[in-house]
Amino acid sequence: MTSETIALASDHGGVDLKNLIRDELVAKGYAVLDLGTDGAASVDYPDYATLVAKALKDGRASRGILLCGTGIGISIAANRHRHVRAALVHDCYGARMCRQHNDANVLVLGGRTIGSEVAKDCVDVFLTTAFEGGRHARRVAKLADAGER
Ligand code: RB5
């Protein structure tokens, strides 16, 4: 069991995998904040990235998982929020490295590009791998300062 709350959201391209991941997380004892979408109707992925970013910012969740068809659009949208470090991942190596080296706080998956079993493994690795800190902490700190203001 864990007391960690995970914010979860997708557009229509990721909704089936999002629902499957939600059920897995609940079965493992995570609290899940499912922010939608709920069905196959076409919606706009930036809206769902924003919902998860807000949940992290106001402390309703400590980490997030986002999905769209490819994972590309929703990861671009999520990373517009300065407190978000969203990593689009296609395998367990990426899921591990985004935690160890990048301290990613949002995992992004493509509902149309990844198999469900690989996706579930990625989620498990993402949620159980610690940030290594050290030289990586310096680089992650630079991310917060990067970009035009
Ligand atoms: C929606 O059709 C699709 O464009 C979206 O899910 C995502 O893949 C965008 O990057």
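First, a word on what this report is: a plain description of the structure on this page. Please read all numbers here as calculations on a predicted model, not as lab measurements.

### Brief notes about the overall build of the protein
Then comes step 1: In terms of regular secondary structure, the protein is built from 6 helices and 5 strands.
Then comes step 2: The order of α-helices and β-strands along the protein, N terminus first, is β-α-β-α-β-α-β-α-β-α-α.
Then comes step 3: Radius of gyration (C-alpha) of the protein: 14 Å, near the 15 Å computed for a compact globule of 149 residues.
Then comes step 4: Along the three orthogonal principal directions, the C-alpha set of the protein runs to about 40 × 35 × 30 Å.

### Remarks on the layout of surface pockets
A probe matching the size of a water molecule, rolled over the atoms, marks out where space remains unfilled.
Then comes step 1: Here the largest pocket is characterised by a volume of approximately 290 Å³.
Then comes step 2: Together, 14 residues line the largest pocket, and Asn-79, Arg-82, Val-84, Arg-85 and Leu-143 are the ones closest to its centre.
Then comes step 3: When contributions to the lining of the largest pocket are tallied by element, the ones reaching two or more residues are β4 (86–88) and α6 (135–145).
Then comes step 4: Examining the composition of the lining of the largest pocket, we find that 3 residues originate from one element, α6, more than from any other.
Then comes step 5: Taken together, the residues that form the lining of the largest pocket break down as 8 nonpolar, 3 polar and 3 charged.

### Regarding the site of the ligand
Then comes step 1: Near the ligand the following residues occur: Asp-11, His-12, Tyr-45, Cys-68, Gly-69, Thr-70, Gly-73 and Arg-112.
Then comes step 2: Between the ligand and Gly-69 there is a distance of 2.7 Å, counted from an oxygen atom to a backbone nitrogen or oxygen.
Then comes step 3: For the ligand, whose free accessible area comes to 290 Å², the fraction covered by protein is 71%.
Then comes step 4: Residues that form the shell around the ligand fall into these classes: 2 nonpolar, 4 polar and 2 charged.

### Looking at the packing of aromatic side chains
Describing an aromatic ring pair means giving the distance of the ring centres and the angle of the ring planes.
Then comes step 1: All told, the structure shown has 0 aromatic pairs when counted by the stated rule.
Then comes step 2: The ring of Phe-126 carries the charged tip of Arg-63 above its face, separated from the ring centre by 5.4 Å.

### Points about the packing of helix α4 (residues 92–100) against helix α5 (residues 116–128)
Two numbers describe a pair of packed helices, the interaxial angle and the distance between the axes.
Then comes step 1: One way to put it is that α4 packs onto α5 with a least axis distance of 8 Å and a crossing angle of 20°. With respect to α5, the element α4 is oriented roughly parallel. The hand of the α4/α5 crossing is right-handed. Across from Cys-92, Ala-95, Arg-96, Cys-98 and Arg-99 in α4, the residues of α5 making contact are Asp-121, Cys-122, Val-125 and Phe-126.
Then comes step 2: Looking at side-chain class alone, the contact of α4 with α5 contains 6 nonpolar, no polar and 3 charged residues.

### Topic: the sheet that holds β4
Then comes step 1: Judged by pairing direction, the sheet is parallel, and its 5 strands sit side by side in the order β2-β1-β3-β5-β4 without closing on themselves. Two strands close off the open sheet at either side, each with one partner strand: β2 (31–34) and β4. Strand after strand, the sheet turns through a mean of 20° between neighbouring axes, direction not considered.
Then comes step 2: Judged from the 4 bridges that link them, strand β1 (residues 5–10) and β2 form a sheet pairing that is parallel. In the sheet register, Leu-8 faces β2, and the bridge partner there is Asp-34.

Calculation notes
- Residues numbered from 1 in each chain as written.
- Predicted model: local features only at pLDDT ≥ 70, side-chain atom pairs only at ≥ 80, totals over all residues.
- Heavy atoms only, no water.
- Helix = DSSP H or I, 4+ residues; strand = E, 2+ residues; numbered from the N terminus.
- Rg over C-alpha atoms; globule rule 2.2 N^0.38 Å.
- 1 Å grid on protein atoms, 1.4 Å probe; cavity = no way out; pocket = protein on both sides within 12 Å on 5 of 7 lines; lining within 4 Å.
- Points joined across faces, edges and corners; volume = space filled by probe spheres on them.
- Nonpolar A, V, L, I, M, F, W, Y, C, P; charged D, E, K, R; others polar.
- Near = heavy atom within 4 Å.
- Polar contact = N/O pair within 3.5 Å; in protein donor to acceptor, adjacent residues only side chain to side chain.
- Areas by Shrake-Rupley, 256 points an atom, 1.4 Å probe, with all protein chains shown as cover.
- Phe/Tyr/Trp six-rings, centres within 6.5 Å; stacked < 30°, edge-to-face > 60°.
- Lys NZ or Arg CZ within 6 Å of the ring centre and 35° of its normal.
- Axes fitted to C-alpha atoms, helices over the stretch in contact; angles between N-to-C directions.
- Parallel < 35°, antiparallel > 145°, perpendicular 65-115°, else oblique.
- Left-handed = near helix turned anticlockwise from the far one by under 90°.
- Contact = heavy atoms within 4.5 Å.
- Pairing = 2+ DSSP bridges.

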